Every structure is written in C-alpha cells, then in structure tokens.
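Overview (structure and organization)
In case you want the letters, here they are:
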Amino acid sequence: MEMIQLGSSGEEVKLLQKALSELTGTRLSFDGQFGELSRKTLMQYQQLNGITPTGVYDSVTMFMLEPFISKKYIRVAEIDDYADQIGVDRNILKALAIKEAKASGFTPSGRCLILYERHIFYRYAVRKFGQARVSEWTKKNPNICYPSQDSKAYMGGEREWDRLNIAKNWDAETALISCSWGMFQIMGFNFGLAGYENVGDFVSDMSESERYHIQALCNFITNNPPLYRAMKSRNFQQIALYYNGSNYKINRYDTDLMNIYNTLLRKG
C-alpha cells in the first residue's frame, strides 16, 4: 500500500478519512481527497498514539490503523467479490451502495448509518400494544410515531439516532425494526431475509462492520426471488419495486439507480 500524503486521492484516502473521523472526533468529509484538514487530523491521531506527527500515512501509522480500517470498512474490490458469489452484476451492488448511503455505512462518528421511519414504528406498535396506547404516543411525539410517512420528519445523519433513542424508550424492539441500517439501508423488520434470527443480532452486526452490511444484502437478495431475478436481468424498475417499495416512482428510485449504474459502466 502506497503512502498517503498531502494531495493524495482515491479509495484508500477515503477509508483513512472514515477512520480518522471516528477515532479523533474531527468530522472529515469522506471525499477521497487528502487535503490540509485531513493532514492535520492525521497528525492529531499520530500525536495521540505516540507516532511522530508527520501528517503522512506512512508504514508505522498504517501498522496502527490498518487493522481497524480492514475490520470496519470494505473496499470496492470486496463488493465485486460478493457480487460474483451471488451471480449479479458488480455495478448493481455498487450502485445500490451509492444510492442508499453514498457508499458509506457509518456516520462520521462511527455509528451505523440509519434512517428512522415513524410510520413503520406506528404500524408495528399498533400490532403489539393496541390503537389506544399508540394514539397517545402519536399525540405526544408525532415525529416519532405517526400513521404516515413524511420526509420532513427526517433529521438526517447522526440526528436519526436521537429519534431512534426516543422510540426505544417506548419499545426497543419496535424501534429497531423501524430503521433502515447501514450501507444498503436494509430495514430492521427484514432481519430474517437478511439472515438473522432476531433484530438485535442484526443491529449488532450492522453496528460493527460494512462487511456484515454486504453479507446481509446478499442474503436479502437471494432470499427474495423476485428481487434476485430483477438483479440478474438488470431490470431497474423491478429492482426498485422490490428493494425500495411500491412508491419508488415518486422518488425516481429506478431512474436514479440506473443513472448511477450507467455512470459506473462508463468509468469501467
């Protein structure tokens, strides 16, 4: 692996930025460009760990950081390997990662990327606790529990965890199944299709490594025959239907996914 220094760019820079952002508390942009802020943050990490603060990602710093990076994050080549294992186009899996999470399964602080869905919480809570109790929750905090979806309710990024934690105070299991998780934003209620016996185990793995994110995705695809067929045939409307849901046309999911896919093809 080559040294990373001021002016370097590419996938390895992006992985380094993810790690530094989490480990130092400096919120870097995961843009793959090793600029002045990335250099200063690397120096901060080196100082904290008894390494000469050169601002260069040299062999000594690699020795310290690479195990963390390799455990938590995945490289593009690994996505290709998983795509080959299940027999689908490599660029479709990469397009999903870009569409769902901009190819990053964790927030800058290192927490799993989530999106909390208030209408899902409402639906499952009514089944579990009854209409009367859930109606009280809706009156108390409609941003957390409500019959319908509204994009205005989303807070985005780290703040989605604030919404989740409020919901967990009402019922933890229902809260966890009401979020989409990780690099591919798999809904918690799909834990079974993703290869898990319960949502707790699913969330635990999603919180640990992007490698679990893609393993869960491959399970989700192969355990969902209509989606699997759509993936194999590169039918973007059907992929959108079975992956994003019946309202996929409202947010142009199929068109966006196809455009990302075609961009990846052009890049080779």
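Cut-offs and rules
Residues numbered from 1 in each chain as written. Predicted model: local features only at pLDDT ≥ 70, side-chain atom pairs only at ≥ 80, totals over all residues. Heavy atoms only, no water. Helix = DSSP H or I, 4+ residues; strand = E, 2+ residues; numbered from the N terminus. Rg over C-alpha atoms; globule rule 2.2 N^0.38 Å. Buried < 20%, exposed > 50% of the residue type's maximum accessible area, 1.4 Å probe, protein only. Contact = heavy atoms within 4.5 Å. Phe/Tyr/Trp six-rings, centres within 6.5 Å; stacked < 30°, edge-to-face > 60°. Pairing = 2+ DSSP bridges. Expected span 1.5 Å × (residues − 1). Axes fitted to C-alpha atoms, helices over the stretch in contact; angles between N-to-C directions. Parallel < 35°, antiparallel > 145°, perpendicular 65-115°, else oblique. Nonpolar A, V, L, I, M, F, W, Y, C, P; charged D, E, K, R; others polar. Arc of directions from axis to C-beta. Salt bridge = Lys/Arg side-chain N within 4 Å of Asp/Glu carboxyl O. Core = buried A, V, L, I, M, F, W, Y, C linked by side-chain atoms within 4.5 Å.

1. Details of the overall build of the chain
The helix and strand tally for the chain stands at 14 helices and three strands. For the chain, whose C-alpha radius of gyration is 20 Å, the value lies close to the compact-globule estimate of 18 Å for 268 residues. In terms of overall dimensions, the chain has a C-alpha envelope of 60 × 45 × 30 Å along the principal axes. When each of the 268 residues of the chain is scored for burial, the buried share is 47%. For the chain, the proportion of contacts with a sequence separation of at least 24, taken over those separated by at least 6, is 58%.

2. Description of the packing of aromatic side chains
In this structure the tally under the stated criterion is twelve aromatic pairs. Ring geometry for Phe68 and Tyr73: centres 6.3 Å apart, planes at 80 degrees, overall edge-to-face. Assessed through its relative accessible area of 25%, Phe68 is described here as partly exposed. Taking the centre distance of 6.0 Å and the plane angle of 40 degrees together, the rings of Phe121 and Trp170 count as tilted.

3. Focus: the sheet that holds strand 2 (residues 179-181)
The sheet built from three strands is open, its strands ordered 1-2-3 with antiparallel pairing. Across the chains shown, the open sheet's two edge strands, defined by having one partner strand only, are strand 1 (114-116) and strand 3 (186-187). Pairing between strand 1 and strand 2: three bridges, direction antiparallel. For Ile114, the partnering residue across the bridge sits in strand 2 and is Trp181.

4. Quick word on helix 3 (residues 59-72)
Here helix 3 contains 14 residues, and its C-alpha end-to-end distance of 20 Å stays within 8% of the 20 Å for a straight helix at 1.5 Å per residue. Those residues of helix 3 lying buried are Thr61, Met62, Leu65, Glu66, Ile69 and Lys72. In this structure, the buried residues of helix 3 make contact with helix 1 (11-24), helix 2 (36-48) and helix 11 (210-222).

5. Details of unusual backbone geometry
Even without being a glycine, Arg234 presents a positive backbone phi close to 55 degrees. In this structure, Arg234 sits in the loop between helix 12 (225-233) and helix 13 (236-244). Among the residues examined, Arg234 registers a relative accessible area of 42% and is labelled partly exposed. Phi angles above zero are rare outside glycine, and Arg252 is one such case at about 55 degrees. Within the element layout of this structure, Arg252 appears in the loop between helix 13 and helix 14 (253-267).

6. Considering the packing of helix 2 against helix 3
Packed helices, taken two at a time, are described by their axes: the angle between them and the distance between them. One can describe the packing of helix 2 onto helix 3 by two numbers: an axis separation of 11 Å at closest approach and a directional angle of 85 degrees. As far as their axial angle goes, helix 3 and helix 2 are roughly perpendicular. In this structure, helix 2 contributes Leu42, Tyr45 and Gln46 to the contact, and helix 3 contributes Thr61, Met64 and Leu65. Grouping the constituent residues of the contact of helix 2 with helix 3 by class yields four nonpolar, two polar and no charged.

7. Focus: helix 14
For helix 14, built from 15 residues, the straight-helix expectation of 21 Å at 1.5 Å per residue is met to within 8% by its first-to-last C-alpha distance of 21 Å. Listing the buried residues of helix 14 in full gives Tyr253, Asp254, Leu257, Ile260, Tyr261 and Leu264. Seen from one end, helix 14 has its buried residues packed into an arc of 135 degrees, which puts them on one side. Next to the buried residues of helix 14 lie helix 5 (90-101) and helix 13. Of the residues one or two after helix 14, Gly268 is the one with positive phi, at around 80 degrees.

8. So, the pattern of salt bridges
In total, this model carries 16 salt bridges according to the counting rule given. Note that Lys94 and Asp80 form a salt bridge whose closest N and O atoms lie 3.1 Å from each other. Separated by 14 residues along the polypeptide, Lys94 in helix 5 and Asp80 in helix 4 (residues 76-86) bring together distant segments of the chain. Given a relative accessible area of 16%, Lys94 falls into the buried group. When salt bridges that share partners are traced, they join Asp80, Asp84, Arg90 and Lys94 into one network.

9. What about the nonpolar core?
Residues Phe121, Leu164, Trp181, Phe184, Phe202 and Tyr243 are the most contacted members of the largest nonpolar core, which totals 74 residues. The leading source of residues in this core is helix 11, at six residues. Contacts of Phe184, omitting those with residues within four sequence positions, involve Leu93, Leu96, Ala97, Glu100, His213, Ile214, Leu217 and Tyr243.

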